[in-house]
Amino acid sequence: LSQGALILVLALTSLIPVYAKTHGAGRICDELGGRSLSTRPHSVSIAEFGAVGDGKTLNTLAFQNAVFYLMSFADKGGAQLYVPPGKWLTGSFSLTSHLTLFLENGAVIVASQDPSHWGVVEPLPSYGRGIDLPGKRYKSLISGHMLHDVIITGNNNNALCIRPFDHIMLVYSLYGYSFLGDNGTIDGQGLVWWDRFASHSLKYNRPHLVEFISSEDITISNVTFLNAPCYTVHAIYSSHVYIHKILAHSSPGSPYTIGIVPDSSDNVCIQNSTINMGYDAISLKSGWDEYGISYSRPTENVHIRNVNLQAASGSSISFGSEMSGGISHVVVDNAFIHNSLTGIAFRTTKGRGGYIREIDVSNIDMWRIGTAIVANGSFGSHPDDKFDANALPIVSGIRLSNASGVDIGVAGDLFGIKESPFRSVALYNVSLLMSSGSSSSDGSWSCSYVYGSSKLVTPEPCPELMRVDNGYGRATF
């Protein structure tokens, strides 16, 4: 081969996300994980503030007083709030900067089921209203606003470690590891909220379990999260968020519960974690229609790796549909996705504006997935009737490589927008074994208004994805 031909062959056969992995987003987890956690020179126990860990006594005031007291140590290296073993019932409370919330093994922070124990706050400016209904929302159980250097953590028990998966290990990986150790736990007791949502009896929008707004240098690690009323961890307008070795679990039947939501945030790492949710496991967002367009803060530079994901009625990893501020430069590497309605989903619709671009997904194992890959240009509702129907989203530069699946219902449903087709979608080395009753050829892929390229893909994709030019390496636009 000539030198030029050899270069072309190498470009076509190399892993698609190489550029992103060695630049920008692909380095985020190493950069954030390489930082040493702040050592706090002062520590107090929540029990010192009158809290009682019997699961019955309401300890909201104790948590609020403890945080207020620890604010005085912010300029002295910060402080730690220690939660010993027990069940610590509380309503919503806020954290402060330069604080570590440490949950000992056997410690459970239990959310009150009484709505009067939760604060009420205004809707987020990039959404204009709540997700469940118009108007205000209940404050998250644990929240922070404009904070810096905050850690929520527990003992490093190694019970939540994830290792890469291969075909032989699929079943063993799912059933042979115990991910629920004796780490400290935050339990949202979401059932009452799910019932209120289903019966349309909510006064305000459901609260999240943990939320950071306009904050930076946030670390969440070695903690178990259970039964979030809505989202488990919501990082919005925030930067340098490191989520490592957590377990997040919610009932498969819980309505619209989502695990981790990077929302108009940048430099985010999610790694070595197990997330099982009723709706989406991980969902990247950036605002809703005209409100998100006006706020104009994208989600970018996000790295997701070594995760075990399940999403009963949604997607294990989703982008949008609230993406009006833009989502870009995301790397997903090493994920085991199982027992989910959809595997990876890109969602948007007319009126969103914004973009989803430069997304690299590689080394994915799927098992028992309804539809492996979804791109939907007509998904979701609008916050009100003020949206601009001519605000068309742009979806481009989507790259998926080294993905395999077993017991897959549909390989892919990719439906773009006529006025703004999805472009530069590249598939490389994707092998999906269809479930019994599913066709291995005809009907396994459905496409419209989507264009891209593919190589070494089975079942054979739709004609719109069967070109072999301009799709590999860094996609062209």
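This is a predicted model, so every value here is computed, not measured.

Caption draft 1: Structural view of the overall build of the chain. If you tally the helices and strands in the chain, you get seven helices and 29 strands. The proportion of buried residues among the 477 residues of the chain is 58%. Counting only contacts in the chain whose residues sit at least 6 apart along the sequence, the fraction spanning at least 24 positions is 78%. Counting every atom, the chain has about 17800 Å² of accessible surface; 55% of that belongs to carbon and sulfur.

Caption draft 2: Examining the pattern of salt bridges more closely. For the structure on display, the rule yields 16 salt bridges. Two residues, R399 and D360, come together in a salt bridge whose shortest N-O distance is 2.6 Å. Residue R399 is located in strand β26 (residues 394-415), and its partner D360 is located in strand β25 (residues 355-376); the two are separated by 39 residues in the primary sequence. The network of salt bridges with common partners includes E358, D360 and R399.

Caption draft 3: Region of the structure containing the state of the cysteines. This structure, assessed with the given rule, holds two disulfides. Each sulfur in the disulfide pair C29 and C269 lies 2.1 Å from the other. Looking along the S-S bond of the C29-C269 disulfide, the torsion reads about 100°, which is the right-handed sense. On the criterion of sequence distance, the pair formed by C29 in helix α3 (residues 28-33) and C269 in strand β20 (residues 266-277) is long-range, its members being 240 residues apart. In terms of burial, C29 and C269 fall into one category: buried. Disulfide pairing places C447 opposite C462 at an S-S distance of 1.7 Å. What sets the handedness of the C447 and C462 disulfide is the S-S torsion sign, and at about -55° it is left-handed. You can see C447 sitting in strand β28 (residues 445-448) and its partner C462 sitting in the segment after β29 (450-458), a full 15 residues away along the chain. By the burial criterion, C447 is buried, and C462 matches it. Ordering the disulfide-forming cysteines of the chain by sequence position, one finds them joined as 1-2, 3-4.

Caption draft 4: Local environment of the confidence of the model for the chain. Within the chain, residue pLDDT values average 89, and 86% of them lie at 70 or more. The low-confidence segment residues 159-180, where pLDDT is below 50, has 49 contacts with residues more than four positions distant or belonging to other chains.

Caption draft 5: The packing of aromatic side chains, seen in detail. Summed over the entire model, instances satisfying the criterion amount to 12 aromatic pairs. Measuring from centroid to centroid gives 6.1 Å for Y82 and F102, while their planes differ by 10°, and the two rings are stacked. Residue Y82 is located in strand β3 (residues 79-83), and its partner F102 is located in strand β6 (residues 99-103); the two are separated by 20 residues in the primary sequence. Ring centres of Y237 and Y295 lie 4.4 Å apart, and the angle between their planes is 25°; this geometry places the pair in the stacked category. Linking Y237 in the loop between β16 (231-236) and β17 (239-244) with Y295 in helix α7 (residues 289-295), this pair joins segments that are 58 residues apart in sequence. Take Y237: its relative accessible area is 4%, and that puts it in the buried class. Of the aromatic side chains, those joined through ring pairs into one cluster are W118, Y138, W193 and Y204. In this structure, R196 is placed above the aromatic ring of W193, and the distance from its NZ or CZ to the ring centre is 4.9 Å.

So, how was this worked out
- Residues numbered from 1 in each chain as written.
- Predicted model: local features only at pLDDT ≥ 70, side-chain atom pairs only at ≥ 80, totals over all residues.
- Heavy atoms only, no water.
- Helix = DSSP H or I, 4+ residues; strand = E, 2+ residues; numbered from the N terminus.
- Buried < 20%, exposed > 50% of the residue type's maximum accessible area, 1.4 Å probe, protein only.
- Contact = heavy atoms within 4.5 Å.
- Areas by Shrake-Rupley, 256 points an atom, 1.4 Å probe, with all protein chains shown as cover.
- Salt bridge = Lys/Arg side-chain N within 4 Å of Asp/Glu carboxyl O.
- Disulfide = S-S within 2.5 Å.
- pLDDT = per-residue confidence, 0-100.
- Phe/Tyr/Trp six-rings, centres within 6.5 Å; stacked < 30°, edge-to-face > 60°.
- Lys NZ or Arg CZ within 6 Å of the ring centre and 35° of its normal.

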